[in-house]
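Notes for the structure review
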Amino acid sequence: MPFANASGAQVERLQRDELTCWRVRQGGAELLVAQQGAQVLAYGRVDQPPLIWLSEDAAFRRGQSVRGGVPVCWPWFGDLRRNPEAVQAAYASEDAAPAHGLVRGLDWQLEDVEQQDGAVTLHFTLDTRAEPLPHWPQAVQPSLRIRLDERLHLHLENHNLGPRPVTVSQALHTYFAVSDIHRVRVEGLAGARYLDTLRDWRPETQAGALAFEGETDRLYLDVPPRLSLVDEGWGRRVQVESLDSRSAILWNPWIDKGARLSQFADDAWQRMLCIETARVLDDVLVLAPGERHRMGVSLWSEPL
Ligand SMILES: O=P(O)(O)OC[C@H]1O[C@@H](O)[C@H](O)[C@@H](O)[C@@H]1O
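In every chain, residue numbers begin from 1 and rise along the written sequence. It should be noted that, the model being predicted, local features are given only for residues of pLDDT at least 70 and side-chain atom pairs only at 80 or more, the latter also being counted only at that level, while totals for whole chains, interfaces and linings use all residues. Heavy atoms throughout the structure, all of them, feed into the side-chain values; hydrogens and water do not.

1. Structural notes on the overall build of the protein
For clarity, the cut-off: Counting from the N terminus, the helices are the DSSP runs of H or I reaching at least four residues and the strands are the DSSP runs of E reaching at least two. The buried label applies to any residue whose accessible area, calculated with a 1.4 Å probe on protein chains only, is under 20% of its type's maximum; exposed applies above 50%, and partly exposed to all values in between. Two residues qualify as a contact provided that any one of their heavy atoms is within 4.5 Å of a heavy atom in the partner residue.
Check the secondary structure of the protein and you find 2 helices and 23 strands. Overall, the C-alpha framework of the protein stretches about 50 × 45 × 35 Å when taken along its three principal axes. In the protein, buried positions account for 55% of the 304 residues. The contacts in the protein between residues at least 6 apart in sequence include a share of 64% that link residues at least 24 apart.

Pasting the structure below:
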């Protein structure tokens, strides 16, 4: 049932196959968020190509992360065994750990929908005290605030409710829509150190802007607060502004890995790339007892 306020924002609960979702329409922008994983699925302005990419082969199934949007990777990013020892130590199982943590396929709680001053904010939490995560006996509660105004803002908060420090790695794994992967570049990374996971995690330094010429899977460190995705095909610059994060993952699977991915058309690698706002490697989060921490990203586009 949609409901609108005086400013004309409309918030509507709907179903996409097995997933409960929320659609927000406001000021010429449209946002779709799934309760599962508190995952943003789609975002853009109605008169422009989408800013966030959602796979045309996306499956909306319980327990399964949707390909595209902004999955939340938490309380670790990627392969747990590649994380610092303190992140690995928080997971109490000898069994193989799932990639990108434990929360992408879980239902988060929608705490409230706030509409104020031309902005709509959806606030999701995952109550890890009421329902502890499997093999992760830590009293840290994540929450995600998704705010839509002229821009889209995501804030991932960690609250350590326990008596011990806890170390987590995390990412807002944003899939961006692009006109053509051959006609885009990412600015802002020049001079940043990165680990190239496709070359045995070799340390490298970025020279100039990043263009995509093959499979790319890199963990960047010392990333500045502003990165720009310049898209010559669509004549726009997408600004990616982070809050309290200095690591980022840049990913495009290209042809061969793209063919192996779930929910991913054979040619979809040409239409997407990921810039993931993160806390990984030497940028992991160490949460003192009682500490709250917020990492965020704001997204908008400007004409070239
Ligand atoms: O298929 P998943 O689990 O959603 O992961 C997608 C990609 O996520 C990226 O963050 C990783 O760097 C890639 O290595 C990985 O393939």
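2. Description of the site of the ligand
Rule in force here: Whether a residue is near a molecule or strand depends on its heavy atoms: if one lies within 4 Å, it is near. We call two N or O atoms a polar contact when they sit within 3.5 Å, provided that within protein one can donate a hydrogen and the other can accept it, with sequence-adjacent residues counted only if both atoms are side-chain atoms. Only protein atoms enter the 1 Å grid used here, on which a cavity is any set of points holding a 1.4 Å probe that cannot leave and a pocket is any open set flanked by protein within 12 Å on both sides along at least five of seven lines; residues with an atom within 4 Å of a point are listed as lining. Each molecule is checked against the cavity or pocket grid, and it sits inside if more than half of its atoms lie within 2 Å of the grid points. Think of it as three bins: nonpolar holds Ala, Val, Leu, Ile, Met, Phe, Trp, Tyr, Cys and Pro, charged holds Asp, Glu, Lys and Arg, and polar takes everything else, Gly as well.
In the region of the ligand, the neighbouring residues are R67, F77, H100, R104, H173, D217, I249, W251, K257 and E276. At a separation of 2.9 Å, an oxygen atom of the ligand approaches a polar side-chain atom of H173. Between the ligand and the protein, one listed contact pairs an oxygen atom with a side-chain N or O atom of D217 at 2.6 Å. Its atoms largely coinciding with the cavity grid, the ligand occupies the largest pocket. For the shell around the ligand, the class distribution of residues is 3 nonpolar, 2 polar and 5 charged.

3. Re the UniProt feature "active site" (unreviewed entry) in the protein
What counts, and what does not: UniProt positions are given in the numbering used here, feature names are shortened, and annotations may be inferred rather than shown by experiment.
Those places that UniProt annotates as "active site" (unreviewed entry) correspond, in this numbering, to H173 and E276. With the annotated positions falling across 104 residues, the maximum pairwise C-alpha distance of 4.5 Å places them together in a single cluster. In the annotation above, E276 are the residues that line the largest cavity. Excluding residues that lie within four positions of it along the chain, H173 makes contacts with G69, V70, P71, C73, H100, W251, C274 and E276. Counting through the fold element by element, E276 comes out in strand β21 (residues 272–279). Not counting chain neighbours up to four residues away, the residues in contact with E276 comprise F77, A171, L172, H173, T174, S247, A248, I249 and W251. A polar atom in the side chain of E276 sits 3.5 Å from the side chain of H173.

4. Some thoughts on the packing of aromatic side chains
Heads up, the rule is: In summary, the pairing rule links any two rings of Phe, Tyr or Trp, Trp by its six-membered ring, whose centres are within 6.5 Å, and it sorts them by plane angle into stacked for under 30 degrees, edge-to-face for over 60 and tilted for everything else.
Taken as a whole and judged by the stated rule, the model has 7 aromatic pairs. Between the aromatic rings of Y194 and Y220, the centroid separation amounts to 4.8 Å while the plane-to-plane angle is 40°, which identifies the pairing as tilted. In this pair, Y194 is assigned in strand β14 (residues 193–196) and Y220 in strand β17 (residues 216–221), connecting sequence segments 26 residues apart. According to the relative accessible area criterion, Y194 is buried, its value standing at 8%.

5. Concerning the nonpolar core
Soluble, globular proteins show a tendency: their nonpolar side chains are buried together. The cut-off we apply is this: Each nonpolar core is a collection of buried residues, namely Ala, Val, Leu, Ile, Met, Phe, Trp, Tyr and Cys, held together in the definition by side-chain atoms within 4.5 Å.
W136 and I146 are the most contacted members of the largest nonpolar core, which has 77 residues in total. Listed in part, the 10 residues of the second largest apolar core include F77, L195, V280 and L281.

6. Overview of the layout of surface pockets
The line we're drawing: Grid points are joined across faces, edges and corners, and a volume is the space filled by probe spheres set on the points.
In this structure, the largest pocket encloses a volume near 650 Å³. Along the walls of the largest pocket sit 31 residues, with G78, A99, H100, R104 and H173 positioned nearest its centre. Secondary-structure elements contributing two or more residues to the lining of the largest pocket are β12 (170–177), β17 and β20 (247–252). A class-by-class count of the residues in the lining of the largest pocket yields 13 nonpolar, 11 polar and 7 charged. Quantified by volume, the second largest pocket comes out at close to 260 Å³. Together, 13 residues line the second largest pocket, and L80, R81, D95, A96 and A97 are the ones closest to its centre. A class-by-class count of the residues in the lining of the second largest pocket yields 6 nonpolar, 3 polar and 4 charged.

7. Structural notes on the sheet that holds strand β19 (residues 236–243)
Applicable threshold: At least two bridges found by DSSP between two strands are what make those strands a pair.
In space, the 9 strands of this open sheet follow the order β7-β8-β9-β10-β23-β19-β18-β13-β16, with antiparallel pairing throughout. A single partner strand is all that each edge strand has here, and the edge strands are β7 (109–116) and β16 (210–211). Here strand β18 (residues 226–231) pairs with β19 via 6 bridges, running antiparallel. Within the sheet, the bridge partner assigned to D231 lies in β19 and is R236.

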